[in-house]
Amino acid sequence: MNYTYLFVLVWLAYLICSGVLLFSRGFLLARVSKTETSTCRRLSTSPNDEYLLTPEVVQEIFKDVNASSSSNLCLPQKSKVIMLVIDALKYEFGVFKENTTEPLPYENKLSVLHQLLQQTPEQARLMRFKADPPTTTLQRLKGLTTGSLPTFIDIGSNFASPEINEDNVIDQIVKSELPLVFLGDSTWTDLYPRRFKRAYSYPSFDIFDLDSVDNQIMQHLPKELASTDWQVLIAHFLGVDHCGHKHGPIHEEMARKLSEMNDIISSVVAAMDNETTLLIMGDHGMTASGDHGGDTDDETNALLFAYSKQHKFFTSNDSGSDSELLQQIDLVPTLSAILGVPIPYSNLGLINFNIVPAVAVPHLSKFQTLLLHAWQNAHQIYRYFFNYALENKRTFNVEQMDTLETEFILLTHRVQTIYNEAAFKSFVRDLNINLRDILNVCREIWVKFEPAQMSHGLLFTFLPIFFAFLLINNSNASDYAKIFKPKEVSYTFLMNIAAGVFGYRYYKNFSFKTEEHGVIFFTSLLSTVLLAFYTLRHWNSIANNWANVKRFGHMPTRLLLFATMAVFFSNSFVIQEAKILSYLLVAVILLLVYELLQLSARLDFRNKFKWSQFLRSTALRLILASLLAICCIRFASTLFRCREEQGNCADFASASTPGFSVKRPAMGKTYVLAVVIIVLYTTLTRLYLRSCGNLTGNSPNVLLARYGPTVASICAGGHILLANSAIKNIQRTHIDAMALVIYGLLLLQIVVVSWAPLMTFVLPPRNPNTISVNGRDSIVPEIFRKMKRMYEGDDDAERRYEIPVVYGLATVYSSIIISFGVFLAMLMIVLLEPRASIGLIVCVVVGAIILSVHGILRYRTASSFESCVQPTFSAVVGWFLLAHFCFFATSHQTTLSQIDWRAAFVGRSSALGQSHLISGTLVILNTFCGPIFFYCMYALLSTETFSLFALFPNLIKSSSSTSSNGRSKADAAAAALSDIATDAVGFDMSRGELALYEYEDVFLGAGFKLATQFFMLQGLKIFCAMLACTIHCRHLMVWKIFAPRFIYEALATFVGLPSLIVGYLLLLRINRAVDGLIKRINKDK
């Protein structure tokens, strides 16, 4: 029966997550990739080639420029190309400031660019290279090679680089039999395997490594420059990007890396021949903190520098191209024009002639050469755009399409009448405007929303939450055994499997586009019917329980929950979500204390208020504890990271701003404070467990809890100090070893909990016939007292010796959960930045105070075991808010550019391989440490009342009940405490958490209900995020604010619900072990 509840939780988690997944498929659809490829007739000046360029051919071309034979031409190759891609080369890194006396570390380091611009201005170009978001390397490389716009959801594949099958410039170069050589980042060879004549690729995995990849490139680059068997050479350097991630742009290491790049560029310029064009570019920029991924100007403004030794470049006056700004997608057709290869089919960029060598083409004038290039580019864009629009009619506005088509028809007539340079300039200006209009149309409505998938996702996310509320939230914990019978639940799973197979097999019959949609639709539909059936079958008991609920009960808590959900519907609320959560969390704590003080006033001070009594009362301690929690929340708010939209955000200040912030190494005080807090956390936890008796004995979990946290805290502290140390000769493997020890300790904890979780020690019963005396005492009085007891028949005293003493039994459940939490927290601390680790432990302190306040409140308001083990609604909402507040307290934000990718490489430079799965797992643990930790620990809300009563009876019981009628003996006091507990809640709480085992059916049912309540809260939160995205799908800020917020909440749901299942599974494992312990003790007796 116990595991039946676990299967029901898995079922509900699947339903909620599948609904979210289905919605995301409709809302975050990727652009439909086209498999068509471009071809052209390659004109040549060599008599041996098939299409020789002659005056007759030129005359035939200009007789009808619109003819397929004329518009589908490739002019001869103009030069070879060397592409030096310097990852994260921001535009400001290449701008030379002559009057600067104290340049910043990134300024004036690329002096060779300035020298070339000064010496040969007609043969060198420096331009702003504008990237499309998302500004992650993988998506930028796709844009740089296909000429298409990236899709929003593509950012998720930055750790897994799939091969590109869409038409691209690399494949066109290969098809044109132009040999390619590549050196550097292995992302290129992942995207384009088997395309290069020679490839020296190296993994871009370790962002802490600034030099390895660059050094390998420098080792092979001179040899390749001297070689003559290639037409295109690409080298992708990673050091600048890694330096930005590790140190930020204002750091001495950035100055070193840029100076190193300057030397490399100088050597390439010296070694290249006269028939080669050099292109130096960044794939994206970086923020002031060295990060990227978003759409700020700092992230999208990269640098492009072009240089040719012999040939001048075309000018803006010749071609009308922008001389200051080059869109990254414009690089693809520009490269195609230089190399004389077809422009890829799905390209939307324009040729920028400012970086095309002005090499004369035989029999063609300058304006004719430019016209053929521009018209070939236009035909390719129109062919792709109108074919795409024809296949996706609902995506584009009909009137807009008619306007664009009319303009194109007019241009096809105008192109026939161009006979001089002036006419060409007028024509190309209008042509470029029209092509940019097409690009803007695609930018605005590229993501094609799927209303069916979005509506199905919303519906199938909401329905499980609704029926769980009706069925589970409005039933008693003792009734779940009747509602969810093992056989029925197993049939439910089998029916869902059958529905999934049906959906997978017949999805096309119901007009679904994918098998996934069919599987989710039919399993969710069947599950909704089954949940409705369960609800109707038990409607009488549900209605009776619902009738007993106060209509306006918990109204303040409901309003706080409503405010939490309302955040998603306003972009300004999303921006300020961290502050809003901190206020709501403080409000919940004050609400809990207010409810408790109301009870204290009625119980402790019902006759007359006395200051002396108040100063000794529990009420004062709780007020002080709540003030401490509020102070902790206020302190945690200083650890928040800001967003770009917050005007005073230093992370996104521009270089011209006086307050330009950098990723400076945090002050030593921060590191020391982090280490001290970590040591305090593990020490206080260990002292608590020792006071509970859970560190007595030599069982595996006791030994691990006794020594493991100490080792983990030493390793975590050492990792913080060494990983952020300015000392350069520390070996990376030594730092990683500390992280690996913590990983190993958590895995060992999981194994031990699975095998022997209990932290108890059974003291064997003493033999009643033995007599114990101290060395200085006489044995005669002891013999006399023994004989007296036997004579008077005091069997109770003798029988007491037969009952074994069990250390740690009063906290048998909570101690294991707390111990597990320590190792989980240590893992998260080593993945977080030092400031963020402080935030995590501050949240743990707030959680401990919430547990203490709620434990006392729950005892004083409970009337039965079931009400005592079931937390109040205020406490549930408080724990839920704390889990999400911890996300912001650990220095995270719901923006794509602020993902802490550093966590993917902690402890992995020499171990654990290069698995993307491990990388993703570590980043998820770092980003969502709050929900994962507090959801795994959720069962403490049910157990803490019992452990508090057993450990601190004077704290939890009211002072009016503390009188023992003058009895001062230990037995009398214990009996009085037992009587107080029994009178208050109807059972003896003095045994602590052992009472949970005695009522295990109700206890496990309450744990299941509590997990389901968190399911409902998390499900309601993600549902509101989905609904907000649906309402605001055409909002100006949908991709800037609402979509990233939905993605973060969806991921929090995908990891939060399994964390709750892990928490309940931990509870079941402990209960099974306690059952074995009790049975073993009874058998021994």
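Worth saying up front: this structure is predicted, and the values here are computed from it rather than measured.

Student: I keep staring at unusual backbone geometry and nothing clicks. Help me out?
Tutor: Glycine aside, residues mostly have negative phi angles, and peptide bonds mostly take the trans form. One non-glycine residue, Ala88, lies in the positive phi region at around 65°. Mapped onto the fold, Ala88 is located in the loop between strand S3 (80–86) and helix H4 (111–119).

Student: Sorry if this is basic, but what is going on with the packing of helix H19 (residues 486–506) against helix H20 (residues 515–537) here?
Tutor: Two numbers describe a pair of packed helices, the interaxial angle and the distance between the axes. In the contact formed by H19 and H20, the axes pass within 7 Å of each other and the chain directions differ by 150°. The pairing of H19 with H20 is recorded here as roughly antiparallel in orientation. Note that H19 runs across H20; the crossing there is right-handed. On H20, the residues that touch Glu488, Val489, Thr492, Met495, Asn496, Ala499, Gly500, Phe502, Gly503 and Tyr504 of H19 are Glu515, Gly518, Val519, Phe522, Thr523, Leu526, Ser527, Leu530, Tyr534 and Arg537. The residue makeup of the contact of H19 with H20, split by class, is 10 nonpolar, seven polar and three charged.

Student: Where do I start with the pattern of salt bridges in this structure?
Tutor: Under the counting rule described, the total for this entry stands at 28 salt bridges. The salt bridge partner of Arg25 is Glu516, with a shortest N-O separation of 2.7 Å. Here Glu516 lies in helix H20 and Arg25 lies in helix H1 (residues 2–27), a separation of 491 residues in the sequence. You can call Glu516 partly exposed: its relative accessible area is 27%. The structure contains a network of salt bridges with shared partners spanning Asp211, Asp214, Glu253, Arg256, Lys257 and Glu260.

Student: I'm lost on the state of the cysteines in this one. Help?
Tutor: Such a bond, covalent and formed between the sulfur atoms of two cysteines, is termed a disulfide. The final tally for this structure, using the stated rule, is one disulfide. There is a disulfide in this structure between Cys40 and Cys74, and the S-S distance comes to 1.9 Å. Between Cys40 and Cys74 the sulfur-sulfur dihedral comes to about -110°; the bridge is accordingly left-handed. In this pair, Cys40 sits in the loop between H1 and strand S1 (41–42) while Cys74 sits in strand S2 (residues 73–74), placing the two residues 34 residues apart along the sequence.

Student: Honestly, the side chain of Thr895 in this entry has me stumped. Any pointers?
Tutor: With respect to the secondary-structure elements, Thr895 resides in the loop between helix H35 (873–889) and helix H36 (916–927). Contacts of Thr895, omitting those with residues within four sequence positions, involve Arg643 and Tyr1048.

Student: Sorry, what's going on with the packing of aromatic side chains here?
Tutor: For the structure on display, the rule yields 50 aromatic pairs. Between the aromatic rings of Phe512 and Phe522, the centroid separation amounts to 6.3 Å while the plane-to-plane angle is 70°, which identifies the pairing as edge-to-face. Of this pair, Phe512 sits in the loop between H19 and H20 while Phe522 is found in helix H20, placing the two residues 10 residues apart along the sequence. Through successive ring pairs, a cluster of aromatic residues spans Phe460, Phe502, Tyr506, Phe510, Phe512, Phe521 and Phe522. Taking NZ or CZ as reference, Lys80 lies 4.5 Å from the ring centre of Trp230, over its face. Taking NZ or CZ as reference, Arg505 lies 5.1 Å from the ring centre of Tyr506, over its face.

What counts and what doesn't
Residues numbered from 1 in each chain as written. Predicted model: local features only at pLDDT ≥ 70, side-chain atom pairs only at ≥ 80, totals over all residues. Heavy atoms only, no water. Helix = DSSP H or I, 4+ residues; strand = E, 2+ residues; numbered from the N terminus. Axes fitted to C-alpha atoms, helices over the stretch in contact; angles between N-to-C directions. Parallel < 35°, antiparallel > 145°, perpendicular 65-115°, else oblique. Left-handed = near helix turned anticlockwise from the far one by under 90°. Contact = heavy atoms within 4.5 Å. Nonpolar A, V, L, I, M, F, W, Y, C, P; charged D, E, K, R; others polar. Salt bridge = Lys/Arg side-chain N within 4 Å of Asp/Glu carboxyl O. Buried < 20%, exposed > 50% of the residue type's maximum accessible area, 1.4 Å probe, protein only. Disulfide = S-S within 2.5 Å. Phe/Tyr/Trp six-rings, centres within 6.5 Å; stacked < 30°, edge-to-face > 60°. Lys NZ or Arg CZ within 6 Å of the ring centre and 35° of its normal.

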